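Architecture and fold: a report
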Amino acid sequence: MTSPGRVRAAITRSRLSPFRPGAFSSALHHPRIAVLIGRVLGAAIIVCFLTGLYSHFLQNPQPWMVFPTRPTWLYRLSQGLHVATGTALIPLVLAKLWTVYPRLFAWPPVRSWAHGLERMSIALFVPAVLLQLFMGLLNTLKWYPWPFTFRTLHFWLAWIIVGSLLLHISVKLPIISRHWSSDGTPRDRPGGWTRRGFLTTIAAATAAVVVTTVGQTVTPLRRAALLAPRQPGVGPQGFPVNRTAKQAGVVVPTAWRLHLDGPTPRTLTLADVTALPQHEVRLPIACVDGWSQLGRWGGVRIKDLLALTDAPPGSTVRVVSAETTGSYRVSRLGPEFAYDDLTLLALRLNGEVLHLDHGYPARLIAPARPGVLQTKWVERLEVLP
Ligand SMILES: Nc1nc2c(c(=O)[nH]1)N[C@H]1C(S)=C(S)[C@@H](COP(=O)(O)O)O[C@H]1N2
Ligand SMILES: [Mo]
């Protein structure tokens, strides 16, 4: 019979085992370091989670949801923060895991109910966060190898991460508060890596990955955006393109018509649309993948088109593209967007007729919306009942 006590004694005796006491002597595994990294990590997770929820619900609104349309750069800022904090989380999570990995070998593995629960929450948290960051990174790199809808899994993983994190924090609360501001600071081992050296390295690595990606949305940092797959200013008419007309299987429409499916159905030619009152707005395209750019768009107000088809006030509109496949061929305009003066069926970009890759002859542009909802090659507006 092997009793737990004898197993423990055997493990303690074994020199090779990471289970033996004192196997990890570096001061960098000290709870104070774990708390220092954890504070930054927690803040980044909160920002990433909230901006992610905002983006998710814009694309998948519940019937009662109404979204702000000002400031016009709200989504641009929010998604910029989402991608920047998500990117920063990669070095932060790795550093935190390295700091605490000796806990994996804590003996006995489960000391109490609370401890068991906390270990379970970590068993959920670690794989979920690694998968989440890996998937998010691939998406920002424009690589979509998923056979499933990325956003659905990303959304549920986010809840698993936040839920398990809350459990972890609540169980660890005594340790966290003990080391929150204390200077029971661990002493550096002579000859080893210093605490300051370690923290500076993490900060530098985090700053480096953020600076080299955030230039895709923060124009002054544009030249530093080495890791960003899309560069503002690069593309037809000086504007990036995610999906070209060719990739979307859209060809130059010879007899384009705009169909207005409302109480009084209408079909307009391009000349008809051009003859309507034209407006100019300065609005960004802010792609969910992290790049954004401001453009000067010219075209017709959606609300003027809705008036032509006698849509009842406060209508919701479905915007339909000539594209026949793809997830972004339709989008929904709630009344807060549809009746906004800045929401246009755009025919021009920066004073020129839209390039085919930007949605010629007509695309949607609305304030404070994800790029995926700025439908290109529009040919139909349906007033929803
Ligand atoms: N019909 C259609 N509209 C679309 C897309 C698409 O694939 N199909 N891509 C969207 C995405 S993801 C973005 S970021 C913007 C980019 O607009 P741009 O190519 O003019 O820069 O268009 C959006 N509109
Ligand atoms: Mo996008």
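Reading guide: rules and limits
- Residue positions are counted from 1 within each chain, in the order its sequence is given.
- Lettering for chains starts from A, numbering for ligands starts from 1, and both go in the order in which the items are written.
- Per-residue local features are limited, in this predicted model, to residues with pLDDT of at least 70; the limit for side-chain atom pairs, both in listing and counting, is 80 or more; totals at the level of whole chains, interfaces and linings are taken over all residues.
- Note that the side-chain values use all heavy atoms of the structure and ignore hydrogens as well as water.
- Note on pairing: two strands pair once DSSP finds at least 2 bridges between them.
- To qualify as a helix, a DSSP run of H or I must reach at least 4 residues; to qualify as a strand, a run of E must reach at least 2; elements of each kind are numbered from the N terminus.
- The angle between two axes is taken between their N-to-C directions and runs from 0 to 180 degrees, where each axis is a line fitted to C-alpha atoms and a helix contributes only its stretch in contact.
- UniProt positions are given in the numbering used here, feature names are shortened, and annotations may be inferred rather than shown by experiment.
- Think of a salt bridge as a Lys or Arg side-chain nitrogen and an Asp or Glu carboxyl oxygen that are within 4 Å of each other.
- Burial classification: accessible surface area is computed with a 1.4 Å probe over protein chains only, and a residue below 20% of its type maximum counts as buried, one above 50% as exposed, and the rest as partly exposed.
- In this description, the term disulfide denotes a pair of cysteine sulfurs within 2.5 Å.
- Helix span, expected: 1.5 Å multiplied by one less than the number of residues in the helix.
- What the bend at a residue measures is the angle between two axes, fitted to the seven residues ending there and to the seven starting there.
- Being near a molecule or strand, for a residue, comes down to having at least one heavy atom within 4 Å of it.
- Any N or O atom pair separated by 3.5 Å or less is treated as a polar contact, with the protein-specific requirement of one donor-capable and one acceptor-capable atom, and with residues adjacent in sequence counted only for side-chain atom pairs.
- To be clear on the numbers: accessible area is Shrake-Rupley with a 1.4 Å probe, and residue cover counts the displayed protein chains and nothing else.
- Lys, Arg, Asp and Glu make up the charged group, whereas Ala, Val, Leu, Ile, Met, Phe, Trp, Tyr, Cys and Pro make up the nonpolar group; the residues left over, Gly among them, are polar.
- Contacts are residue-level and defined by heavy atoms, with any inter-residue pair within 4.5 Å sufficient.
- Detection works on a 1 Å grid of protein atoms alone, calling trapped sets that fit a 1.4 Å probe cavities and calling open sets with protein on both sides within 12 Å along at least five of seven lines pockets, with lining residues defined by an atom within 4 Å of a point.
- Grid points are joined across faces, edges and corners, and a volume is the space filled by probe spheres set on the points.

A few words now on the sheet that holds strand β6 (residues 330-333). Read from one edge to the other, the open sheet built from 5 strands follows the order β2-β1-β10-β5-β6, with strand pairing classed as mixed. Each edge of the open sheet is held by one strand with a lone partner, namely β2 (266-268) and β6. Here the average twist between neighbouring strands, direction ignored, is 15°.

Let's shift gears to the UniProt feature "transmembrane region" (unreviewed entry) in the chain. On the UniProt side, "transmembrane region" (unreviewed entry) is annotated at positions that read residues 33-57, 77-101, 122-141, 153-176 and 197-215 here. Summarising residues 33-57: 100% helix, 0% strand, and an end-to-end C-alpha distance of 36 Å. Helix makes up 100% of residues 153-176 and strand makes up 0%, while its end C-alpha atoms are separated by 31 Å.

The subject of this paragraph is the pattern of salt bridges. Counted according to the given criterion, the structure contains 7 salt bridges. We note a salt bridge from R70 to D340, for which the minimum N-O separation is 2.8 Å. With a gap of 270 residues between them, R70 in the loop between α2 (31-59) and α3 (74-100) and D340 in the loop between α10 (335-338) and β7 (344-349) connect regions that are remote in the sequence. On the basis of relative accessible area, D340 is assigned to the buried category, the value being 9%. Across the pair E382 and R318 runs a salt bridge, and its minimum N-O distance is 3.0 Å. Of this pair, E382 sits in strand β10 (residues 378-384) while R318 is found in strand β5 (residues 316-321), placing the two residues 64 residues apart along the sequence. R318 gets classed as partly exposed once you look at its relative accessible area, which sits at 31%.

Overall, the coordinates contain 0 disulfides when judged by the stated rule. As a non-bridged cysteine, C48 has C287 as the owner of its nearest cysteine sulfur, 15 Å distant. A relative accessible area of 14% places C48 in the buried class.

The end-to-end C-alpha distance of α3, which contains 27 residues, comes to 37 Å, matching closely the 39 Å that a straight helix rising 1.5 Å per residue would cover. Its maximal kink placed at L89, α3 deviates by approximately 30°, while the proline P91 follows within four residues. When you tally the buried positions in α3, you get 19 out of 27 residues, the bulk of the element.

The next point concerns the site of ligand 1. In the vicinity of ligand 1, 20 residues are found, and the nearest of them are P240, E323, H358, R363 and K376. Here an oxygen atom of ligand 1 sits 2.5 Å away from a polar atom, N or O, in the side chain of K376. For ligand 1, the accessible surface in isolation is 540 Å², of which the surrounding protein chains cover 99%. Here the shell around ligand 1 is composed, by residue class, of 9 nonpolar, 6 polar and 5 charged.

Position of L283 relative to the elements: it lies in strand β3 (residues 279-286). Counting along the chain gives 207 residues from L283 to R76, while the straight-line C-alpha distance between them is 10.0 Å. Setting aside residues no more than four positions away along its own chain, L283 makes contact with T72, Q293, L294, G295, W297, L342, I365, A366 and P367.

Take the layout of surface pockets next. Approximately 1400 Å³ is the volume attributed to the second largest pocket. Taken together, 50 residues line the second largest pocket, and the ones lying closest to its centre are V100, R103, E118, H168 and K172. Every element with two or more residues in the lining of the second largest pocket is listed here: α1 (4-13), α2, α3, α4 (113-140) and α5 (150-179). In terms of residue class, the lining of the second largest pocket is made up of 31 nonpolar, 10 polar and 9 charged.

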